[in-house]
Amino acid sequence: MTLRKPLCRFGSHRVLAPEGALPQGAHRLDATPVAYENEILCDVELLNVDSASFAQLRGACADDPKRIAETILATVRERGKQHNPVTGSGGMFVGRVRDIGSAIAARIALKRGDRIASLVSLTLTPLALDAVLGVDLATARLRVRGTAILFESSAWARLPEDIDDAVALAVFDVAGAPAQVRRLCNPGESVVIIGADGKSGILACAQAKERAGARGRVVGVVPDAATPGSHLLRDARLVDVLVEADACNALPLARAVEEAAPGGADLVVNCVNVPGTEASSILCTRDGGCIYFFSMATSFTAAALGAEGLGKDVTMIVGNGFAPRHAEIALETLRSHPAILKYYTATYGRPS
Ligand code: NAP
């Protein structure tokens, strides 16, 4: 069924409070599972909660999957979307198209029954959950029964045939990182990736290595150099140097990175999932260099005042999760690095 109502391509017609807001900034959305004429209604199977949000939920719920499920159900019931009130971040979903509004049906290359992943945040996606069927602590993924709405402006991607759905979802969640690194990194540059052994960090390292080339230098920073992700970074030569340091402890980290990138890096990419790492990023960037804060745990205030206080003339970029062709670039990064694909399939793939 398609309903009729004054419609906004950005979905403001779904906002219940405050009136007139856009969905991302709104407190509450109407998640009624009926497609307006410029919307796509999906049956949702999987949620991928973003890492900063999931880390917060794990802490607040003492790693109890049942409490995490209850907290997410309560948020979605109250807000009509999975918008973590503490971290302000969301995630993405995988689902099957149930209905397409009449105004867009002829324009988009989708039909009922197609399986897709959303490429817009759950913080702006009207979501109704009937049940959480499982919470996977290791991958921040939830099996659910529910529905979601995509707007005319919402990006989505068809699930690839050659890559496990769960792996594709994991990679789509962080697709902005490799795409932005591809844009920001130039041949011959030094690049520091903080949180290098995580989901976005590994893809960012792969892109940095490719872009910086033989004359460049990629330094990965990890809290523990013995993790499987750290082994992958070394074994697949995705970094030139791996530094073990705590990004919440800026001075020791900066000293450790100074040895690997004397004078500071041209580009620093922050891919961590915990707060309090702005100063580390600033200190290991050269004057005139650039920091890309992909982390959702970044504080604008801490970054802005931190750079001022440290007297560092650096360009700081907010981690826009969208970049042209970002989903394709993320999948290409997997396909062109068999070692990463193997690792992601083992780590994020759906158990058979
Ligand atoms: P992830 O797989 O959990 O990776 C986080 C990384 O941070 C891990 O390598 C972790 O190391 C490392 N880390 C944690 N504490 C650290 C510390 N004190 N010092 C150094 N490294 C530390 O997360 P992800 O999925 O890649 O996401 C990374 C960040 O991007 C999160 O904040 C997430 O919310 C955000 N994000 C942003 C966007 C966007 O559009 N901008 C989209 C999606 C996600 P260990 O695993 O060894 O602890």
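Given the structure is predicted, the values throughout are model-derived calculations rather than measurements. (Residues numbered from 1 in each chain as written. Predicted model: local features only at pLDDT ≥ 70, side-chain atom pairs only at ≥ 80, totals over all residues. Heavy atoms only, no water.)

Peer 1: Honestly, the site of the ligand in this entry has me stumped. Any pointers?
Peer 2: Taken together, 26 residues form the shell around the ligand, and within it D50, S51, D197, S200 and G319 come nearest. Within the backbone of V272, one N or O atom sits 2.8 Å away from an oxygen atom of the ligand. Contacts to the ligand include M296, whose backbone N or O atom sits 3.0 Å from an oxygen atom. Protein chains bury 84% of the 920 Å² of accessible surface belonging to the ligand in isolation. In the shell around the ligand, the residues fall into twelve nonpolar, nine polar and five charged. (Near = heavy atom within 4 Å. Polar contact = N/O pair within 3.5 Å; in protein donor to acceptor, adjacent residues only side chain to side chain. Areas by Shrake-Rupley, 256 points an atom, 1.4 Å probe, with all protein chains shown as cover. Nonpolar A, V, L, I, M, F, W, Y, C, P; charged D, E, K, R; others polar.)

Peer 1: I'm lost on the pairing of strand 9 (residues 141–150) in this one. Help?
Peer 2: Regular strands place their side chains on alternate faces of the sheet. Buried residues dominate strand 9, accounting for eight of its ten residues. In this sheet, strand 9 lies alongside strand 5 (residues 40–49) in antiparallel orientation, the contact comprising eight bridges. Among the inter-strand pairings, D43 is bridged to a residue of strand 9, identified as T147. Bridge count between strand 8 (residues 127–136) and strand 9: eight bridges; the pairing is antiparallel. Paired with V132 across the bridge in strand 9 is V144. Counting the residues in the hairpin turn of strand 8 and strand 9 gives four residues, including A140, whose phi is positive at 60 degrees. (Buried < 20%, exposed > 50% of the residue type's maximum accessible area, 1.4 Å probe, protein only. Helix = DSSP H or I, 4+ residues; strand = E, 2+ residues; numbered from the N terminus. Pairing = 2+ DSSP bridges.)

Peer 1: Just checking my understanding: could you explain the packing of aromatic side chains for this structure?
Peer 2: For any pair of aromatic rings, geometry is given as the distance between the ring centres together with the angle between the planes. Counted under the stated rule, the structure contains three aromatic pairs. Centroid distance Y292 to F294: 6.1 Å. Interplanar angle 35 degrees. Geometry classified as tilted. With a relative accessible area of 0%, Y292 lands in the buried category. Residue F294 is classed as buried on the basis of its relative accessible area, which comes to 13%. On the numbers, 5.9 Å between centres and 65 degrees between planes, the contact of Y343 with Y344 is edge-to-face. The pair formed by Y343 and Y344 is uniform in burial state, with each residue classed as buried. One aromatic cluster is present, formed by Y343, Y344 and Y348 through successive ring pairs. (Phe/Tyr/Trp six-rings, centres within 6.5 Å; stacked < 30°, edge-to-face > 60°.)

Peer 1: What's the story with the nonpolar core in this structure? I'm lost.
Peer 2: Side chains that are nonpolar tend, in soluble globular proteins, to be buried together. With 81 residues, the main nonpolar core has L47, L142, F172, I193, L233, I340 and Y344 as its most contacted residues. The element that contributes the greatest number of residues to this core is helix 5 (residues 199–212), accounting for seven residues. Residues lining this core come from more than one domain, with at least three contributed by each of domain 1 (12–159) and domain 2 (176–348). Discounting residues that sit within four places of it in the chain, L47 has contacts with M92, F93, L122, L127, L129, A140, R141, L142, V144 and L169. V221, V272, I291 and F293 belong to the second largest nonpolar core, which has 21 residues in total. (Core = buried A, V, L, I, M, F, W, Y, C linked by side-chain atoms within 4.5 Å. Domains from an automatic or database assignment. Contact = heavy atoms within 4.5 Å.)

Peer 1: Mind showing me how you'd approach the domain arrangement of the protein chain here?
Peer 2: The parts lose accessible area when they come together, and the size of an interface is often stated as this lost area. Along its sequence, the protein chain is organised into domain 1 (12–159) and domain 2 (176–348). Between the C-alpha centres of domain 1 and domain 2 there is a distance of 28 Å. With eleven residues of domain 1 at the contact, the number on the domain 2 side is eight residues. At the boundary of domain 1 with domain 2, total buried surface from both sides reaches about 700 Å², with 57% on carbon and sulfur atoms. Of all residues in domain 1, A52, L119 and T139 give up the largest surface area on contact with domain 2, accounting jointly for 42% of the area buried on that side. Taken together, the connections running from domain 1 to domain 2 amount to zero salt bridges. At the surface where domain 1 touches domain 2, the tally comes to two residue pairs in polar contact (both at pLDDT 80 or more). For the side of domain 1 that touches domain 2, the per-class residue count stands at four nonpolar, five polar and two charged. (Buried area = accessible area lost by both parts, 1.4 Å probe. Salt bridge = Lys/Arg side-chain N within 4 Å of Asp/Glu carboxyl O.)

Peer 1: Can you help me understand the sheet that holds strand 6 (residues 91–100) in this one?
Peer 2: Either a parallel or an antiparallel arrangement is found when strands of a sheet pair, and the pairing is made through backbone hydrogen bonds. Strand order in the open sheet formed by six strands is 8-9-5-6-7-10, with antiparallel pairing between adjacent strands. Single-partner strands in this sheet number two, and they are strand 8 and strand 10 (156–158). The average undirected angle you get between the axes of adjacent strands in this sheet is 30 degrees. Summarising the sheet, strand 7 (residues 115–118) and strand 10 pair through three bridges and their orientation is antiparallel. Bridging from a neighbouring strand, I116 pairs with R158 of strand 10. The sheet strands contacting helix 3 (residues 165–173) are strand 5, strand 6, strand 7, strand 9 and strand 10, and the helix crosses strand 6 at an angle near 115 degrees. (Axes fitted to C-alpha atoms, helices over the stretch in contact; angles between N-to-C directions.)

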